[in-house]
Every structure is written in C-alpha cells, then in structure tokens.
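Listed below, chain by chain, are the residues.
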Amino acid sequence: MSDLANVYQLFRSKFEDNDFQYYYPPSYIRSLTECDDKIIFAFRKVQNHILSSEMDAVRPKQSPNSNGSANLDLTGSPLRDVSFEQFEEMNLSKEYHESSVQNLWTIDEETYAPLSTEKARSLLQAFISLECRIGRGSIWVLCCGTDSEQKVLLQLSVNAASNNQRHFTRGVVRFSGVQPSNSITLGQLIDIHRQRAGEGMKFSPKIQIQQWCKLHAQITLRLSWNAMGEGSTFAIERNARVRLSQEFPVNNGAFSRSSPAEYFWQQLQRLAMMRERIMDIRANRESGYARNDVCGEAEMDLEYIKQKVNNILSSFLEVEPVTYNSSTIIDMVSLVQKRKLTDVMERLYDALTLCSSYEDLKAAIDYIFHLSTHSNIVNVPTNGTRFSQLILAMIQDRLAIPLLTGSEPYELLLECGFSKLMNDYRTIFTEAGIYELEFEKLFQPQVTNTRKSRYATGNGPQLDAHHGAPSKRSATQLFQSAAGEERVREKSILLSNFDEDEVKLRLNRLAQVHLLLEHLLLLESAVNVPSIYGRVCELYLGRAPYSYGEVYNRRTDLLEFELDEFMLLRKADHVLPCARRVTMSSANMLQKLETVFYQNVKPILPGRFYPQFECKELDSKHEFWCYEYDRIESL
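Conventions adopted
Residues numbered from 1 in each chain as written. Predicted model: local features only at pLDDT ≥ 70, side-chain atom pairs only at ≥ 80, totals over all residues. Heavy atoms only, no water. Phe/Tyr/Trp six-rings, centres within 6.5 Å; stacked < 30°, edge-to-face > 60°. Helix = DSSP H or I, 4+ residues; strand = E, 2+ residues; numbered from the N terminus. Buried < 20%, exposed > 50% of the residue type's maximum accessible area, 1.4 Å probe, protein only. Contact = heavy atoms within 4.5 Å. Expected span 1.5 Å × (residues − 1). Polar contact = N/O pair within 3.5 Å; in protein donor to acceptor, adjacent residues only side chain to side chain. Core = buried A, V, L, I, M, F, W, Y, C linked by side-chain atoms within 4.5 Å. Domains from an automatic or database assignment.

1. Considering the packing of aromatic side chains
Right, on to step 1. Going through the model one piece at a time under the given rule, you end up with 24 aromatic pairs.
Right, on to step 2. Seen in terms of ring centroids, Tyr 28 and Phe 41 are 6.4 Å apart; in terms of plane orientation they differ by 55°. Their pairing is tilted. In this pair, Tyr 28 is assigned in helix α2 (residues 27-33) and Phe 41 in strand β2 (residues 39-45), connecting sequence segments 13 residues apart. With respect to class, Tyr 28 is no different from Phe 41; both count as buried.
Right, on to step 3. Centre to centre, the rings of Tyr 610 and Phe 613 are 5.4 Å apart; their planes meet at 5°, and the pair counts as stacked.

2. A closer look at the environment of Asp 280
Right, on to step 1. The residue Asp 280 is located in helix α8 (residues 262-282) in this model.
Right, on to step 2. Sequence separation between Asp 280 and Ser 407 is 127 residues, and the spatial gap between their C-alpha atoms is 8.8 Å.
Right, on to step 3. Sequence-distant contacts of Asp 280, that is, excluding residues within four places in its chain, are made with Arg 285, Ser 287 and Gly 288.

3. Things to note about helix α18 (residues 500-526)
Right, on to step 1. An ideal rise of 1.5 Å per residue puts 39 Å on 27 residues; α18 measures up with 39 Å between its terminal C-alpha atoms.
Right, on to step 2. Taking burial as the measure, the 27 residues of α18 include 22 buried ones, the bulk of the element.
Right, on to step 3. The N-cap of α18, judged by a side-chain oxygen 3.0 Å from the amide nitrogen of Asp 501 a few residues on, is Asp 499.
Right, on to step 4. Asn 528 lies just past α18 and shows a positive phi near 55°.

4. A closer look at the nonpolar core
Nonpolar side chains tend to gather and get buried jointly when the protein is soluble and globular.
Right, on to step 1. Residues Leu 186, Phe 387 and Phe 429 are the most contacted members of the largest nonpolar core, which totals 119 residues.
Right, on to step 2. Top element by residues in this core is α18. It accounts for 12 residues.
Right, on to step 3. Of the domains in this structure, domain 1 (2-46 + 103-200 + 585-634) and domain 2 (261-285 + 297-444 + 499-531 + 542-551) are the two that each give at least three residues to this core.
Right, on to step 4. If we ignore the near neighbours within four places in the chain, the residues touching Phe 429 are Ile 434, Tyr 435, Leu 437, Val 513, Leu 516, Leu 517, Leu 520 and Cys 537.
Right, on to step 5. In this structure, Ile 29, Trp 140, Val 152 and Val 596 belong to the second largest nonpolar core, which totals 29 residues.

Here it is as structure tokens:
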C-alpha cells in the first residue's frame, strides 16, 4: 500500500521543471510489475499530436481499476443512442477491427514524454539526498532510452520507518531489442540474469513463467506455471493455472445490431422506456403520455387489438409439449425468440405492446377487464403478476372493474414484460444446460436502503396529469370490502405498486444477464468448451451489476476468471504466444536481485517518443519486443 502524498508535494516544490503525477501506474509499468498501487510518475508533458476522438475509436481505454462498478445510479438518458451515426461513419465492421492497430498504451500515455537518462538519474539521486517525511511506495521516471543500455524507466522504491530510517530499492527497465520468438530460450534468460547477479549471489531455481495467447480477437488466455532448474523450457506445464480474459465490444450499445440475441435486448429497451414513461407521469410531465415511444414500430389500431385480446381470452388454444432439441446456445436463442407463446399473460402482453398511444393502451386493458366480468373466459391467466390476479379476481366475480389512472396501465404492462423476459432468459440458460437462473436471488438488493423514492408508493391518490385532476379513488380503496379479514386480504390487489429502486435493480440485473449471454455466445463461437459455461455464469453474476445506463457508456465489458480446464490448455498448445513474462531471482546475505523478462508482439511504449527503437524487418514472422526489468533490494 503506497503512501507518498508528502513525497509528491516535495517533488512538485523542489523540481518544478518536470511534470509529476501521483496516481495509478501507466499501462507499461503495470505490465512489468503487475502492481496497481499508486506511484509517483515523473515525465515531461507534451500535447497529443493525434485527436482524442480518432484515438478513441481505435484504442481501448484501460482503467487502472478493472473492478466492476457498483454504482447503480442512472445518469442521462441511455435510451438515445447518440453515437450510432458516429459508429456508422467509422464502419465498425469485423474487417475494420481486424485491420486497425490497437496499441497497448492509453490515450493519456501519448502525452507522457520521457526525460533524458542523466536527468532521470539525477532526479532520483537528489531525492535520496533530501530530508523527507515518512513515505512508502515507488517513484518511477520515464527515460528516453538513448543511452548505451537503452534504459526506458528508472525506479526508486522507498519504505520509511517511524524513526525516519529510509530503505531504498532500485529498479531499471531496459529495452533489449526485437527478436524472433523462436530464438529466445529460457537458458539464455537465465544466463543474462546470472551475469547481472555476479558470482556472489546464489541463483534461485524457482522460475515463474506467465504466457499470454490470443484465441480470438477479444479472448486472451494467460497461462502461469513454475519452472525448476537450469534445463527448463517454455513448454506449457499440464498443471498450469489458466486465466481467461474476454473483452466483449459493447460500443455504446451498438453491439446489439449484429447480435443473434438482438431481440431480447430490444425487449429490455422497451421495459426501460416504460419505466421512463412511468417516472414522467408520476412527476406530472406530459411526455409520459407520448405516442410511439414504448411499443415499437409494429403498431395497430385499437379495434384490431381488441379482437386479438378477445381471441386470446375466449378461444381454445391447442397446446403441444415444447421440446428444445438444441445443443448450442445460439440455436437456443433462435428457438426461444421464435417460440409460440402459450402463457395467457405473455400473449396479452404481446398484444398490448401493439398499442400506438397511452389512450389505446388504457382502453385495451379496460376491454380486458370487461371481458373478464361479462364473458366466458376459457384461458385463465395464472402467472402470478398483478395483472393476472386482477383478471382472475374479476372472472371469479370477486372484484369490480377497477378504474385505471395515471401510470397504472404502464405499471401493469411493465410487470408482465419483466415476467416474459425473465422467462425467455431462464429458458435459454436452462434448456441449453448452462446455468439455473434464480432471479429471486438476483433481484435482492445488495445494500438495504431504508430511504424510499418519492415515486415509490402505492397509497393515496395519484395525480393524473393527463386528465387534469387527482384520482378520486386510491388503489387500496378500490378493492376494500366490509367483510372479515380473510375477505379483505382476498380483495386487496394493488393496482399501483411501483417501486423505482426495485425496477431499477431489475433493469440492471437483466442487462447483466444479457451481457452474460453475449459473452457466452462469443465464447461458444470462438472457444466452444461447454464445461466452463457454468463457472462463467457463477462468477459473472456474483459481481455487482453496472447500471442499465452505464452499459451504454462502455466500450467493452470485461469477463475475466481463473479456472482449471484441460481443454483450454490443449487449445493454447497450437497458438503462438502474444506475450510472455519470466521472473527469476538471486540473493546473498546483503541483497537480492530480481529480473523480469517481458516480451510482447507489440511495443508497450508509445513509438513517437522512441524512434530509435523502430525495428527492421526480420526473417521471422513472429517476433517479440523485449524488455528487461532488474530490481535490486538491500536485505
């Protein structure tokens, strides 16, 4: 844990000619050290010569904190995909992604110019000579690499005790050239390390190896194992630990346009729009009654919808057992999308979403209520939603026809939409043999919030802005009876039971379930190891979801987990590594030397600052940019 605030202030006051930041380390330092503690980073600030918007389109933003956000606040309006035209112009096709170069550094790191090696060394030496209060952490300086050893980074770690006795550890990173990958052997790396350590240090036989390989443009495997002894090689051990990282391209919601699960994302968008309409109506905004904002493009006139509703409730439906004979997730997605609706409330929901206006929706629901009290209903709803409870109560002559006001038509429709979409997702995951979705657990709030939303109430009159007057009868008053407690409980079916926080949580979780489905579809197409799907679901759903709005603001969604799966090791056997990290150490009674050899098929530092490192074409088609990081610590 770093604590360098006082040191940072000292640097800013004593060395004003340089630029400093006290923040999480740049991407290239994280690659070398695998450490995310805050550091003091010294560099020279320059203007970026490439427009941020252009850079942003071809380079993934890498946040120093990779953990999922637990913030469930909805910011802005995620339902207006303002970036669509931009992405169309950029032609975000598969060919575009494959041809574009995705650098390993971030946009901000294009502005971090290096200092001369002599200036970097004198800066750290001057700090050692200064009086400084207690601090703990690492100081890094970016170097130009023009010296004979091609140093690109210098490090000084400080650990000050309470008695002001400071303990320093020095580190240096060198660029060692571009080499064909097949010419690099573990024996050569051991020789380089032992030469640096000298004869006075004893070599530790334990060598840590990490190797990355690309199974797909968005899927990377990291294999980790320990090698022992001088004769070790880069052959992957059978007991290697596997970490799979998959970056699904969300692209501000643009992913849905080419997804086989687009239909289900559109259903979720419809529910989110209904929620906004309910919020508008409850806040007394006329926009809540707007047409053509909820139900989609396939709108029908009221008479057609009434006839459809009448057929659903009054005509016998021949129901045949449904069997899903599919062994792939993508086929199951297609089958569930095209399935014949048999549940009464799902069929009614499908019909009601054809309404072209709030008035038509309200009239159609009122028509359902009248049919329930005056006709012979042969298809009785039983799915447990409040809408189905109301219909069933009227069929059994236990309830008078209620008067819908304000947002209540949308609230009844929203609950049915949630029920249908959950059933769709549950069928896909269950019938494909992936995972048993337990929405009851997923919808439980993670933090108990006693403060209720000002809209989350079902008691008292609700202002009906569309009709200019408050409702005369509250939902509770509509169904109260003078009979005993049992009769009261039987007739107390609330029309208005909207809870803003609960609906938001459901939207967030369903968005998470959909992104999980997209991850699984990508895994199936690129890796196709069904034995890992259940573990993927368990880990992915175990983390806090992003808000529905945040999903639209993301470029990628990261799925990362460790697992023990032999099939993934077999796939890695036939793929050339894209990066490698080898760590070894030697020590004596006084000090310890640790060397990290890092190799990557791409440079990890912005090339504009290191033109001297431009590599000449080699005979090999697969070569590594090689870096050596030595860290010497006094014991």
